[in-house]
Amino acid sequence: MSIKEQIKRSNIVTVTGKVSGNINGIKINGTVTGIADRDTGLVENVYHDIDPKIGPQLSRIILGLTIVCANMAVEEGSAKNLDSMTPMQTIKRTVSYKFSSHSMKSIQTVSWPEPNRAEVIMEFSGTLPSLSGKSLPINDVLSVFSKNGSQKILQSGKTHAAFGEKPVPVSVDIKYFIEGNRIAWSKEKFQFLENADNKSTYDEKTKEITFNTKVRMLDTMSIKSK
């Protein structure tokens, strides 16, 4: 069953946008489309017209590239997703990736012209490691959210990117700036976003990266009970 068949149409959110920038000296000039479900936390994003010289490397990272996963995450306990905390508000994100010898940045804007439609602009810069050998499965990722002032949220996480037969450690820091009213934060000081069942592929024929993930926003008690 495809992700489109799994998602209930009444809960579907669509994503469209533009992708640009430069990674490893390779110019990026493409588009992105996506679908997400508020009920199940299923999210799929497809990046179109990504150069084969950089597409395989970019496809090995999932955290920070699924765009609306923090908005659509299933809420557990007292945790709140961004859809609850900042409904219909434009969000600007700066995503920083740090490897042992490389770094990459993505500046993103997510706006909501309609409750079920998000528009995004993404710009990349920096470098990624080269590929070698077979790729590894993408692990589940748990990242922590904290509030930093009335209109700022910080997200950070550590994972491994599958650039070859040995996993490469990578830390990801995301800064959110909310262009709107104050954030309706959870009663918990920290919240946690889980990206599970992660899958990512690059198709050289279509020049498309396809990301799939399933997301939950968890509170401290939910983490302790896992």
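Our structure's up above, just so we're on the same page.
Report on the accompanying structure. Values in this document were obtained by computation on a predicted structure and should not be read as measured data. Residue positions are counted from 1 within each chain, in the order its sequence is given. Confidence filtering applies because this is a predicted model: local features only for residues at pLDDT of at least 70, side-chain atom pairs given and counted only at 80 or more, and all residues used for totals across whole chains, interfaces and linings. Processing note: side-chain calculations cover all non-hydrogen atoms of the structure and skip hydrogens and water entirely.

Comment: elements are numbered from the N terminus, with helices defined as DSSP H or I runs of at least four residues and strands as E runs of at least two. Helix and strand counts for the protein stand at five helices and twelve strands. The C-alpha atoms of the protein give 17 Å as radius of gyration, which agrees with the globular expectation for 226 residues (17 Å, within 12%). C-alpha atoms of the protein, sized along the principal axes, occupy 45 × 35 × 35 Å. Only protein chains enter the accessibility calculation, which uses a 1.4 Å probe. A residue is then buried if its area is under 20% of the maximum for its type, exposed if over 50%, and partly exposed in between. Across the 226 residues that make up the protein, the buried fraction comes to 50%. Whether two residues are in contact is decided by their heavy atoms: any pair within 4.5 Å suffices. Pairs at least 24 apart in sequence give 66% of the contacts found in the protein among residues at least 6 apart. Note on method: radius of gyration uses C-alpha positions; expected globular size equals 2.2 Å times residues raised to 0.38.

Structurally, Ser 59 is set in the loop between α2 (55-58) and α3 (69-72). Residues Ser 59 and Asp 219, 160 residues apart in the sequence, show an inter-C-alpha distance of 29 Å. If we ignore the near neighbours within four places in the chain, the residues touching Ser 59 are Ile 138, Ser 200, Thr 201, Tyr 202, Ile 209 and Phe 211.

Before going further, it helps to spend a moment on the side chain of Asn 81. Relative to the assigned elements, Asn 81 resides in the loop between β4 (74-75) and α4 (82-85). For the purposes of these results, a polar contact is taken to be a pair of N or O atoms within 3.5 Å, where, inside protein, one atom must be able to donate a hydrogen and its partner to accept one; residues adjacent in sequence count only when each atom of the pair is a side-chain atom. Polar side-chain contacts of Asn 81 include one of 3.2 Å to the backbone oxygen of Asn 71. Setting aside residues no more than four positions away along its own chain, Asn 81 makes contact with Ala 70, Asn 71, Met 72, Ala 73, Glu 75 and Met 217.

Its identity as a non-glycine residue notwithstanding, Asp 49 has a phi of 60 degrees, on the positive side. Accessibility expressed as a relative area gives 44% for Asp 49, which makes it partly exposed. At Lys 207, a position not held by glycine, the phi torsion is positive, near 60 degrees. For Lys 207, the position within the fold is in the loop between β11 (190-203) and β12 (208-218).

So, about a positive patch on the surface. Like charges are joined within 9 Å and nonpolar side chains (Val, Leu, Ile, Met, Phe, Trp, Tyr) within 5 Å, but only among residues with over 30% relative accessible area and no salt bridge; these make up the patches. The Shrake-Rupley method, run with a 1.4 Å probe, gives the accessible areas here. Residue values count only the displayed protein chains as cover. By convention in these notes, a salt bridge is any Lys or Arg side-chain nitrogen within 4 Å of a carboxyl oxygen on Asp or Glu. Note on charges: Lys and Arg go in the positive column, Asp and Glu in the negative column, and His and the chain ends are not counted at all. The atom standing in for a charge is NZ when the residue is Lys, CZ when it is Arg, CG when it is Asp and CD when it is Glu. Together, Lys 98, Lys 105, Lys 152 and Lys 175 make up a region of like positive charge exposed at the surface. Tracing the backbone through its elements, the reader meets Lys 98 in strand β5 (residues 90-98).

For the rest of this paragraph, the subject is the pairing of β12. Looking along a regular strand, one sees side chains alternate from face to face of the sheet. Within β12, eight of the eleven residues are buried, which leaves it mostly tucked inside the rest of the structure. Examined bridge by bridge, strand β3 (residues 42-48) and β12 share six bridges and lie antiparallel to one another. Its bridge partner lying in β12, Tyr 47 is registered against Ile 209. Looking at chain direction, β4 and β12 are connected through two bridges and run parallel. In the sheet register, Glu 75 faces β12, and the bridge partner there is Met 217. We call two strands paired when DSSP finds no fewer than two bridges between them. Pairing of β11 with β12, which is carried by ten bridges, proceeds in the antiparallel orientation. Looking at β12, one finds that Leu 193 is bridged to Met 217. Joining the antiparallel neighbours β11 and β12 is a turn of four residues, in which Lys 207 adopts a positive phi near 60 degrees.

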